Structure formats: structure tokens, C-alpha cells
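What the coordinates show
Each chain, letter by letter, is given below.
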Amino acid sequence: MRRRALLASVPGALAGLAGCSFDTLGADETDNVTPAPRPDQSPTDANDSRTETSTDTGDPPRPENPTTVVELETGPRTYALSSPGLHTDDRARIRLWFDRTATASHPATLRGWLQNGNEFENTFRTEWIPGVGRTHSRQPSGYDHEARLHLAPTVNNELAAEVPSLGRTDEGYWCVDDVGPWMPETYRLNPGEWVKLEYALVGEPNQSGRPTGTYEFRGQGESLSVTVWDTGSPGPETDSRFAGRSLPPFPGDGGVQWFHEADRATTAFVRPGTEPAELDAQVGFEMVNNRHERLRCGHWNLYKLVDGEWFHIAPTGHTADCRILMPGGREQWGLRAFNGPAVGCSTGDCNCDGLTQGYLGGGEYAIVAGYGQATTESGALVALVGDRAAVTPVDGVSTVRDGDTVTVTTGRHGDGEQPPDATFSLARADSAGERVIAEQVMTSGRFATYEGGLRNALPFLTDGVSRVVVETDERTVDGVLGYDTNSRRFRFRGQAYEVVRGRSDG
């Protein structure tokens, strides 16, 4: 029986798997996935498929748009293959795609090939290659028995040592009658030689229903998976504590698909591991793509909601890559949130994928991923319980007071290294339009543009002090002010301030 529950801890991110590379669609291919054909004839030859392109060079056929998603006719389930192909360290090249979906007369069928990509003969350990000899999946998370999928070779599979018999359950789903070793442990191929593969994707003997989740076919450092979801109800299976909550407009033009606004028909969403958490905390999030199309370009961001206004916390920059989430894909991300200084992450005691952020005060936060269904982004709210964030200078600064002016010198100043030395001055002002919150002032870590900037000035502007001068370097000053401005006004905790490049002694 499946245990229905939200993720309770930081999930492991779907990092690149050692020893294996997965192919993605080329830039000239469309985002839409071609529906699987339902031919009347039996798939007796790979070149007969209407989805494939024949070749005159001796190379194996390859569909122009490989079908990786099918909707079953035997029950309310959708199957999504994680990738149409992979290759191994010893240059085995594998392609797999759906040739047909499951109907009352035949199971869902995968077709493809295995090719030797070397310029010499090679013996491949096929028993360890997922989608070739590794034909039995792991159970999806939340199940403890009788919940596997199997790649049962057909008579058209040129590697098969045995072709198992298949049947259907009373519920109509196809299953294998007996689970056995169907494929050889090794297979030798000449340079460039290839063999045809064909499998029926079926369940356990006498398996009840067809559980949803991700079924992983794991090899030795390699993996392929099939994700299964309810065709009619692809959305979240759990309710949100924020259901019915109205939120202010989010920065940007495309909007956000919020988890608490998602329903059973929502096909793309961010699922939180928990919605309330007490600082210090680890919270996991998962981006779910139950669509027939891939999503792009996903990057993760942390925001805080204060007095009806969104404030971006981290990271302050992203790499330029466009990340793709394939149909059925799941991307996992973790937030390690601390009320005070962030604690480093060492192997074994936490998951380092995602964001580690210190000096987060209590309140409501949004974790937003750059993938969306009818929007450009998807997100989830989380309430972090704790004290308000403190604003403190970095360790090791020195201060000198001269009348009503305090000069703060950091370790970046006078170190003889690039970037060159620079200063900025902070003083109170009468008014300001921009608002800054403590979590932004204390931002540090990857891509932080003004680490050690305002946090080295605000704590020293106390009673009797009218101006603080911070001696630091040019990068820090640019981070506080921007690269092309010399002054900036902002409000912080009810007080307006002006920060100026240089000493501003006037």
C-alpha cells in the first residue's frame, strides 16, 4: 500500500549520473512530444514504424521526434520515459522510444537499439545497462512490495535469451507472468554494429493496479526511469495549509503557479516537503512536470513576503545555462535555513544541493523555480518560525570614531589585491522609495554581490553617530550602489538612509 505523505526531508537533487550521459532533443527539434502511434500491425521490424527514419548508411534508425510519453488505454495512467537515449563509458549507444501505447490487445511497447560506438570490437556488460539487460525497475518511493515495472523482451528483441509470457490483470493492466533472467550477461559487437531492442513495459505478476511514481532502472553508475502519473489527475495529491490564500502580484511578467492554488488537473508545480518549519531547518522541494512537453529554463530563487511586498533574498545571480525538465521529470532542491550564521554542510549529515542561507528571520517565504504550466514560474510558500534576523558586521572589522563619524575598515581594504580599494558612506535621510530587509542586507555566499557591504555600516549608525564610512574594495562598493551610480536611498526598519560612493565628508 502506498504511504501518501509530503516529503519530510531535503530530497537528493537529480545530479548527472556517473558513467552515463543522457541525450536531449536537439535545438532544431520541437518542445512537443509526438504522441505514440497505435498501428494495427505487429511491430515486426524497426524500419516499419511510421515514427522512424530509415537510413542508407547502415546506421540504426532514429525517430525524428522520439516518443517518450504515452497515455494508456487500459487505465488512467500516463508513462513518461526519462530520456530517448543514453551512452555508457565503454561507448555503448542506446536508443529507446515508445512505439505504441497499451490497449486491450497489446501492452505498451518500447523499441530501439544497442550499438557499439567504438572503432573496435567490444564485449559489453549488458546485464548492467539500463534499458538493455537491466530490465527490472526499483519500486517507486512510498511502496514496499509488488510495485515494479519490467521491460519484458519481445520476439523482435535480438538480444533476448528468453521471451516471457504476458497477461492482463482483472483491472486491465498488462503484467508479466513470471520474472526471470531474460537477457544475456554480456554481448559482443563489431565496430559500429547494432542490434534491435524491443520490450513490453509491464507490471509485476498479478500486480494490483498501476501505482504512480518514478520507476528507476538502475545500472552500474547508470540509470533510466519511467514516471507514471494519473492521466486525469496529474496534480498534487495533498492539500496545502495555505489553500485559499491570496498573494500580491509577483515580480516579473509571467506569473507563478503556486502549490496552494494547484488542483488535481495542474500538470506542473513545486511540491514542498513541509509548509511550516522551525528555524534552523532543512526543507525539501520538488518540481514536478506531469506534462507531455518539456519545461524550460529552470533556476531556483528564495523570496520573502513582508507587508504585502516580495523581497528577493538569494541567489543574487544565476549561471547562463537554460535548464530543461523533460516530460515526467522531477527536479529536487533543498533549502537549509538558519536564523543566525549558516552552518557548513559536510558529507553525510545534510544534503548540499540547493541553497544554504543564514540570517533568515521568521516569516513567510516563497521558493520559486523557473518552470511553469501556463506561467513562467512555479512556486511554493513555506512559513519559517523564528526570531527576526540580526544585522551584524562581518568578523574582523576594525572601527575608529572621530566625532560623529565612525570609520569601519574591512579585511578587503589595504590587502594589495584586486579589486582596488574603495569606500562608501552611509547617513540618515528624510525619505526613500526603495525598501530593504535584513535578509537582503545579510545575504552572503554564492553570487552574493555585496557581501560585507551594508551589514558593515548599518550596525554602527547608532545614537550620536551621523555618518559611517566603510573602507573596503571596489567590488563591494559596486555591489551596494550598482556599477553606474554614485548614490542610493533606501528604507530599513522604518528609517530612511542614503549611501554615497566615497567618503561624503560634506
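The following refers to the structure shown. This one's a predicted model, so the numbers in the text were calculated from it and none came from an experiment. Here the residue numbering is sequential within each chain, running from 1 through the sequence in written order. In keeping with the predicted nature of the model, local features appear solely for residues at pLDDT of at least 70, side-chain atom pairs appear and are counted solely at 80 or more, and the whole-chain, interface and lining totals rest on all residues. To obtain the side-chain values, all non-hydrogen atoms of the structure were used and water was disregarded.

1. Describing the overall build of the protein
A count of helices and strands for the protein gives two helices and 32 strands. Out of the 506 residues in the protein, the part that is buried amounts to 52%. Here the open area of atoms and residues is found with the Shrake-Rupley method and a 1.4 Å probe, where only the protein chains shown may cover a residue. Only carbon and sulfur atoms are counted for the fraction: they give 44% of the accessible area of the protein, which is about 22800 Å². Helix and strand labels come from DSSP, where a helix needs a run of H or I of at least four residues and a strand needs a run of E of at least two; each type is numbered from the N terminus. With a 1.4 Å probe rolled over the protein chains alone, any residue whose accessible area is under 20% of its type maximum counts as buried; one over 50% counts as exposed, and the rest are partly exposed.

2. Digging into the pattern of salt bridges
Salt bridges are counted wherever a side-chain nitrogen of Lys or Arg sits within 4 Å of a carboxyl oxygen of Asp or Glu. Throughout the structure, instances matching the rule amount to 18 salt bridges. Close ionic contact of Glu 286 with Arg 271 constitutes a salt bridge, the shortest N to O distance being 2.7 Å. Of the two residues, Glu 286 sits in strand S20 (residues 281-289) while Arg 271 sits in strand S18 (residues 268-272), which places them 15 residues apart along the sequence. A relative accessible area of 8% places Glu 286 in the buried class. The partly exposed category is assigned to Arg 271, whose relative accessible area is 22%. Where Arg 412 meets Asp 473, a salt bridge forms, and the shortest distance between an N and an O atom there is 3.6 Å.

3. Topic: the sheet that holds strand S28 (residues 405-409)
Backbone-to-backbone hydrogen bonds join strands into a sheet, with any given pair of strands oriented parallel or antiparallel. If you trace the six strands from one edge of the open sheet to the other, you get S27-S28-S30-S29-S32-S31, paired in mixed fashion. Of all strands in the sheet, those with a lone pairing partner are strand S27 (398-402) and strand S31 (487-492), marking the two edges. Sheet twist, expressed as the mean angle between neighbouring strand axes with direction ignored, is 20°. Here, strands pair whenever DSSP counts at least two bridges between them. Between N-to-C directions, angles span 0 to 180 degrees; the directions come from axes that are lines fitted to C-alpha atoms, helices contributing only their stretch in contact.

4. Examining the side chain of Arg 488
Looking at where Arg 488 falls in the secondary structure, it is placed in strand S31. Assessed through its relative accessible area of 18%, Arg 488 is described here as buried. N or O atoms closer than or at 3.5 Å make up a polar contact, with two conditions inside protein: a donor-capable atom paired with an acceptor-capable one, and, for residues adjacent in sequence, both atoms drawn from side chains. At a separation of 2.7 Å, a polar atom in the side chain of Arg 488 contacts the side chain of Glu 434. Note on contacts: a residue pair qualifies if any of its non-hydrogen atoms lie within 4.5 Å across the two residues. Those residues in contact with Arg 488 that sit more than four places away from it in its chain are Glu 434, Val 436, Leu 454, Val 480, Leu 481, Tyr 497, Glu 498 and Val 499.

5. What to know about the state of the cysteines
Working definition: a disulfide is two cysteine sulfur atoms within 2.5 Å of each other. Scanning the entire structure with this criterion turns up one disulfide. One disulfide bridge connects Cys 297 with Cys 322, the sulfur atoms lying 1.8 Å from each other. Disulfide Cys 297-Cys 322: the torsion about the S-S bond is -75°, which places it as left-handed. Within this pair, whereas Cys 297 is found in the loop between S20 and strand S21 (300-306), its partner Cys 322 is found in the loop between strand S22 (309-314) and strand S23 (330-337), the two being separated by 25 residues in sequence. Owing to a relative accessible area of 33%, Cys 297 belongs among the partly exposed residues under this scheme.

6. Details of helix H2 (residues 474-481)
Among the eight residues of H2, six are classified as buried, and the element is accordingly described as predominantly covered. Regarding H2, the residues found buried are Thr 476, Val 477, Asp 478, Gly 479, Val 480 and Leu 481. Residues of H2 that are buried in the fold lie against strand S29 (421-428), strand S30 (467-473), S31 and strand S32 (495-501). Positive phi appears at Gly 482, one or two residues downstream of H2, with a value of about 100°.

7. What to know about the packing of aromatic side chains
Under the pairing criterion, centres of Phe, Tyr and Trp rings, with the six-membered ring standing for Trp, must be within 6.5 Å; the plane angle then separates stacked pairs below 30 degrees from edge-to-face pairs above 60, leaving the rest tilted. What the rule picks out here adds up to eight aromatic pairs. Ring geometry for Phe 259 and Phe 269: centres 6.5 Å apart, planes at 45°, overall tilted. Here Phe 259 is found in the loop between strand S17 (256-258) and S18, whereas its partner Phe 269 is found in strand S18, with 10 residues between them in sequence. According to the relative accessible area criterion, Phe 259 is buried, its value standing at 3%. Following the ring pairs from residue to residue traces out a cluster consisting of Phe 250, Trp 258, Tyr 303 and Trp 310. Placement of a positive charge over a ring is assigned whenever Lys NZ or Arg CZ falls within 6 Å of the ring centre and within 35 degrees of the normal to the ring plane. For Arg 241, the ring lying beneath its charged end belongs to Phe 242, and the centroid distance is 5.2 Å.

8. Re the sheet that holds S18
Read from one edge to the other, the open sheet built from four strands follows the order S18-S20-S23-S24, with strand pairing classed as mixed. Looking at which strands have only one partner, the edges of the open sheet turn out to be S18 and strand S24 (354-357). Direction aside, the axes of adjacent strands within the sheet are offset by 15° on average. Across eight bridges, S20 lies against S23 in antiparallel orientation. If you follow Glu 286 over to S23, its bridge partner there is Gln 332.

9. Side note on the pairing of strand S7 (residues 92-100)
Residues in a regular strand project their side chains so that they alternate between the two faces of the sheet. Among the nine residues that make up S7, eight are buried, leaving the element largely enclosed by the rest of the structure. As defined by bridge partners, strand S6 (residues 85-88) adjoins S7 across three bridges and the pair is classed as antiparallel. Pairing of Leu 86 across the sheet is with Ile 94, part of S7. Where S6 hands over to S7, the hairpin turn is made up of three residues, of which Arg 91 adopts a positive phi near 65°.

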